[in-house]
Amino acid sequence: MKAMVLNELCSLKENRTPLTPTDLPDPVPGDREVLVRVQTCGVCHTELDEIEGRTPPPHLPIVLGHQVVGMVEETGSGVSKFQIGDRVGIGWIYSACGKCKFCLSGNENLCKDFKATGRDANGGYAEYMTISEDFAYSIPDVFSDSEAAPLLCAGAIGYRSLRLTGLKDGQNLGLTGFGASGHLVLKMVRHKYPKARVFIFARNPVERDFARELGAVWAGDTEEESSERLSCIIDTTPVWKPVVEALKNLEPGGRLVINAIRKEEIDKDYLLKLDYPTHLWMEKEIKSVANVARRDVSEFLGLASEAGIKPEIQEFPLDDANEALFELKNRKIRGAKVLRIG
Ligand SMILES: [Zn+2]
Ligand SMILES: [Zn+2]
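Model, not experiment: these values are computed from the prediction. (Residues numbered from 1 in each chain as written. Chains lettered and ligands numbered in written order. Predicted model: local features only at pLDDT ≥ 70, side-chain atom pairs only at ≥ 80, totals over all residues. Heavy atoms only, no water.)

Engineer: How should I be thinking about the environment of Glu 228 in this particular structure?
Structural biologist: Within the fold, Glu 228 resides in the loop between β13 (218-220) and β14 (230-235). In sequence terms Glu 228 and Asp 23 are 205 residues apart; their C-alpha atoms lie 54 Å from each other. Beyond its immediate stretch of four places on either side in the chain, Glu 228 contacts Asn 172, Arg 197 and Phe 199. Reaching out from Glu 228, the side chain makes a polar contact with the side chain of Asn 172 at a distance of 3.0 Å. (Helix = DSSP H or I, 4+ residues; strand = E, 2+ residues; numbered from the N terminus. Contact = heavy atoms within 4.5 Å. Polar contact = N/O pair within 3.5 Å; in protein donor to acceptor, adjacent residues only side chain to side chain.)

Dropping the structure here:
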């Protein structure tokens, strides 16, 4: 099969083509696994983190990609949930132990044996991949293959982040960073919490305009003071400045949820600007989001279809995966980038 393969970690500033087109043997489904013929695969900021070594794959070469939509082509022994020809989705969670207290309580995203699609196992920048049937999801018919792909990561982790904020209808929510996840969270909030008011912090004026188009009541630059204090804020940026700057906009008892697998080191000294009375005093909280559990993916797919949430997308052929990653790195973002494979 054709795949775009990561052979070694590198900086995207020095290497514009980190992935190499490669012919790999077709994978074979094991017990309770399905072989999926990939139709589309979303391009995620996490791929940049993998390539540049902030969340390095444990073995190389590896096929990246964890927002995969495809058709079941073949079933391994004991598969009962899916049949050949079914359309399935695959997200960031590839597998977990199934036995620990986290797995048993529905927080398998915290399992110490958590394995990620496209990092710990080959993912969807390829014509085929295999996955346990327990970690594949049915995709509601209302979504095209391209529309469904970004829902599987940006949407699902956005949903988990929103759950972790504890937002209630009528409260003010801030989003610092407005990429693929942010725009889906905004749409989700407008459906689920129609009286909540959403405030956007983004460096790029194009992203700010886009946020206003989608119904944000206020949009400003990262370090600006919002027009009202906020009950909670979700940070989806790869750096530290937005964390410090967001905290000053929280109301007493407010919560900042950081949705980033790793933060870059380039502006870490910004943390020295952290001022206890301005940023933390009055019982402000900071919480991180780690991965996604299966319920986040399946509940979000249901919510998105009910609410008519469809991501804005930009398609690339598989061969142009490097170009899509380069644009993402350089924040040329309007909606979510998706590789069309099948
Ligand atoms: Zn992702
Ligand atoms: Zn476990």
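Let's pick the thread back up.
Engineer: In this structure, what is going on with the environment of Asn 291? I would like to understand it.
Structural biologist: Take Asn 291: it is sitting in the loop between β16 (285-288) and α8 (294-307). Exposure remark for Asn 291: the relative accessible area of 15% places this residue in the buried category. Polar side-chain contacts of Asn 291 include one of 3.0 Å to the backbone oxygen of Asn 109. (Buried < 20%, exposed > 50% of the residue type's maximum accessible area, 1.4 Å probe, protein only.)

Engineer: Would you explain the pairing of strand β9 (residues 128-132) in this entry?
Structural biologist: On any regular strand, side chains alternate: one points to one face of the sheet, the next to the other face. By the criterion of burial, β9 is predominantly enclosed, with five of the five residues buried. By the alternation rule, side chains of β9 split into Tyr 128, Thr 130 and Ser 132 and Met 129 and Ile 131, which are all buried. As judged from the five bridges shared by strand β3 (residues 33-43) and β9, these two strands associate in the antiparallel manner. Paired with Arg 37 across the strands is Tyr 128, a residue of β9. (Pairing = 2+ DSSP bridges.)

Engineer: Is there a simple way to think about the sheet that holds strand β4 (residues 62-63) in this case?
Structural biologist: Strand pairing in a sheet relies on backbone hydrogen bonds. The paired strands run either parallel or antiparallel. Sheet architecture is open: three strands sit in the order β2-β1-β4, paired in antiparallel fashion. Bordering the open sheet on either side are β2 (19-23) and β4, each of which pairs with just one other strand. Pairing between strand β1 (residues 2-6) and β2: five bridges, direction antiparallel. Paired with Val 5 across the strands is Thr 20, a residue of β2.

Engineer: Where do I start with the pattern of salt bridges in this structure?
Structural biologist: Oppositely charged side chains can form a pair if their charged atoms are brought close together. Summed over all chains, the structure comprises 30 salt bridges. For Glu 108, the salt bridge identified is with Arg 294, shortest N-O distance 2.9 Å. In this pair, Glu 108 is assigned in the loop between α2 (101-104) and β8 (115-116) and Arg 294 in helix α8, connecting sequence segments 186 residues apart. Residue classification places Glu 108 among the buried positions, given a relative accessible area of 4%. Arg 294 sits in the partly exposed class, given a relative accessible area of 27%. In this structure, Asp 235 and Lys 263 form a salt bridge, with 2.5 Å as the shortest nitrogen-oxygen distance. Linking Asp 235 in strand β14 with Lys 263 in the loop between β15 (250-258) and α7 (276-280), this pair joins segments that are 28 residues apart in sequence. Assigned by exposure class, Asp 235 and Lys 263 land together as buried. (Salt bridge = Lys/Arg side-chain N within 4 Å of Asp/Glu carboxyl O.)

Engineer: Sorry, what's going on with the coordination of the zinc ion (ligand 2) here?
Structural biologist: By definition of the ideal shapes, four donors in a tetrahedron about a metal sit 109.5 degrees apart, and six donors in an octahedron sit 90 or 180 degrees apart. Surrounding the zinc ion (ligand 2) are the protein donor atoms Cys 97 (SG), Cys 100 (SG), Cys 103 (SG) and Cys 111 (SG), which sit 2.3 to 2.4 Å from the metal. Geometry at the zinc ion (ligand 2) is tetrahedral, judged from the four donor atoms that bind it and their angles of 106 to 114° at the metal. Read in sequence order, the donor residues for the zinc ion (ligand 2) give the motif C-x2-C-x2-C-x7-C. With Cys 97 in the loop between β7 (93-95) and α2 and Cys 111 in the loop between α2 and β8, this residue pair connects regions lying 14 residues apart in the sequence. (Donors = N, O, S within 2.8 Å, 3.2 Å for Na, K, Ca; no water. Tetrahedral: all angles 85-135°; square planar, octahedral: opposite > 155°, others 65-115°.)

Engineer: Before we go on, may I ask you to explain helix α3 (residues 145-165) in this structure?
Structural biologist: Given 3.6 residues per turn, any residue in an α-helix points the same way as the ones three and four places further on. Its 21 residues give α3 an end-to-end C-alpha distance of 30 Å, which sits within 8% of 30 Å, the value for a rise of 1.5 Å per residue. Taking the largest bend as the criterion, α3 deviates by roughly 45°, centred on Leu 152. With respect to burial, α3 is a largely interior element, 20 of its 21 residues being buried. Directly after α3, the chain includes Gly 166, whose backbone phi takes a positive value near 70°. (Expected span 1.5 Å × (residues − 1). Bend = angle between axes of the 7 residues up to and from the residue.)

As far as function goes, none of this settles anything; it's purely spatial.
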